[in-house]
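# Analysis of the macromolecular model
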Amino acid sequence: MVARSPDNENKRNRNRDIDAGSESRSPVGRRRFLQAAGAGATVALAGCSGGGGDDVVRLGATYILSGFASLYGEAAERGIEMAQAEINDNGGIDGRDVEVIVRDTEASADTAIQQMRSLVEEDNVHGLFGLDSSGVAQAVAPQAAQLEMPFMITHAATPFVTSPEGEHEDSVGNDYVFRDSNNLTQDIYGAARTAAELDATEWATIGPDYAFGYETWDYFQDFCAGLGVDAEFTAEQFPPLETGDYTPYISSILDAEPDAVLTPLWGADLTTFIGQAEDAGWFDQIDHTLFSVGMGTDLASDGNPLPEGEYASTRYDPFAPDTEANNAFRDAYYEEYDALPTYNAEGAYRAVYLYKEAIESSGSTETSALVDEFTGMEHSGPVGDYRFSETNQATVSSIWGTVTYDDEWESNVLDPVNVYDAGPDVLSEALGDSDLPAGI
């Protein structure tokens, strides 16, 4: 099991800290998830200082485990549990069990920094991974450099944590911070590619009132310009996080009568918005709605699901690529949790394996050895084959598709799904004259 250690007594400060080719699919058989006999040992080590010595490889993970976006942390815990069990059941990392201590960031930069420092200074972890919030990630990135501890970001999407210091006034990228999931620029490049195929010229947005919402809208406009998309940008609304009543924001967008809307709402905010938008007749009046964080919430939420026929992105698709690694991961996850894996589950799962590869390749858990291994690393996992760019960003694809309900899996999926190459050259060319960094 994963150890969720006791939290420090921290207060949340959400206003300051929070972020956040077509293929058809056919059902395949499901494989049983392998349980590891000794995976429960992690609990005993949580909170100890230096316990275990060289007997274990200890990793620290920081995710949102409480509040409106807790479903992201819960999904990450599932991915961690799977990776930990599989690795320990098959000889561990160079013969040592891997143990993962999971801490709650509470979506707060202050809390996240305290938790990561505790993991490094008290629990003596060999490496860190996690983060769901872009705002939190930007605050944490410089701390990783100060602590000289590798940090593998698996979810938070801001391009500024993989944009080297000095490239932009908000850039905080450094040698210790890596990201194994796609960033906002990769994702929104795919949104602009999707927009180019739609019969829509007037666009609006409704996104969270902090950097992530504004960055999404800025990048979308610049990518549309760079790709030559015939688009006019009209209404924009940025409701606060944890808004209970979206009615005035919805009404404002509907009054503007755009052809299409791009929204990066996420977590419980997204499902709340969807329910109220449906009541207001949103999906009858607006031709296309693009949910840029949709599939991270949709598969895991008990709230309102994404409407069929609309467009959504994901940082990992359970069916693409159609490879043995992806199919095995998806089937094992479904067998264990009776749900398709979200991108947060896959990103966390893969982070544990990235540490396994780096440690076994270098023969060391020393920070310098791990940073050297991660730098420019080529890796293969459920998400497919990729490498880390010069800015420590994974060169994974941008994935967008049409929301479709699949009876076999009893879940929304993307079908058809479009997978766009989103490497450094592609993004730089598509951004054209923009002064925004690609972060890759």
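Quick caveat: nothing in here was measured; it's all calculated off a predicted structure. (Residues numbered from 1 in each chain as written. Predicted model: local features only at pLDDT ≥ 70, side-chain atom pairs only at ≥ 80, totals over all residues. Heavy atoms only, no water.)

Now for the side chain of N183. If you trace the backbone, N183 turns up in the loop between β7 (177–179) and α6 (184–196). N183 gets classed as buried once you look at its relative accessible area, which sits at 0%. Reaching out from N183, the side chain makes a polar contact with the side chain of T185 at a distance of 2.5 Å. Separated by 3.3 Å, the side chain of N183 and the backbone oxygen of A438 make a polar contact. In this view, N183 contacts A157, P159, T162, Q393, A438 and G439; residues no more than four positions away in its chain are not counted. (Helix = DSSP H or I, 4+ residues; strand = E, 2+ residues; numbered from the N terminus. Buried < 20%, exposed > 50% of the residue type's maximum accessible area, 1.4 Å probe, protein only. Polar contact = N/O pair within 3.5 Å; in protein donor to acceptor, adjacent residues only side chain to side chain. Contact = heavy atoms within 4.5 Å.)

Further remarks concern the nonpolar core. Counting residues in hydrophobic clusters, the biggest one holds 107 residues, and the most contacted among them are F129, M152, W203, F220, F223, W266 and F374. Excluding residues that lie within four positions of it along the chain, F374 makes contacts with P150, M152, F178, L354, Y355, A358 and F388. Counting 31 residues, the second-largest nonpolar core is a separate cluster that includes A235, L306, W409 and V417. (Core = buried A, V, L, I, M, F, W, Y, C linked by side-chain atoms within 4.5 Å.)

A few words now on the packing of helix α13 (residues 343–362) against helix α14 (residues 367–374). It is the contact of α13 with α14, at a shortest axis distance of 9 Å, that shows an interaxial angle of 110°. Here α13 lies roughly perpendicular to α14, going by the angle between them. Considering the relative orientation of α13 and α14, their crossing is right-handed. Here L354, Y355, A358, I359, S361 and S362 of α13 lie close against α14, whose contacting residues are A369, L370, E373 and F374. Tallied by class, the residues present in the contact of α13 with α14 amount to 7 nonpolar, 2 polar and 1 charged. (Axes fitted to C-alpha atoms, helices over the stretch in contact; angles between N-to-C directions. Parallel < 35°, antiparallel > 145°, perpendicular 65-115°, else oblique. Left-handed = near helix turned anticlockwise from the far one by under 90°. Nonpolar A, V, L, I, M, F, W, Y, C, P; charged D, E, K, R; others polar.)

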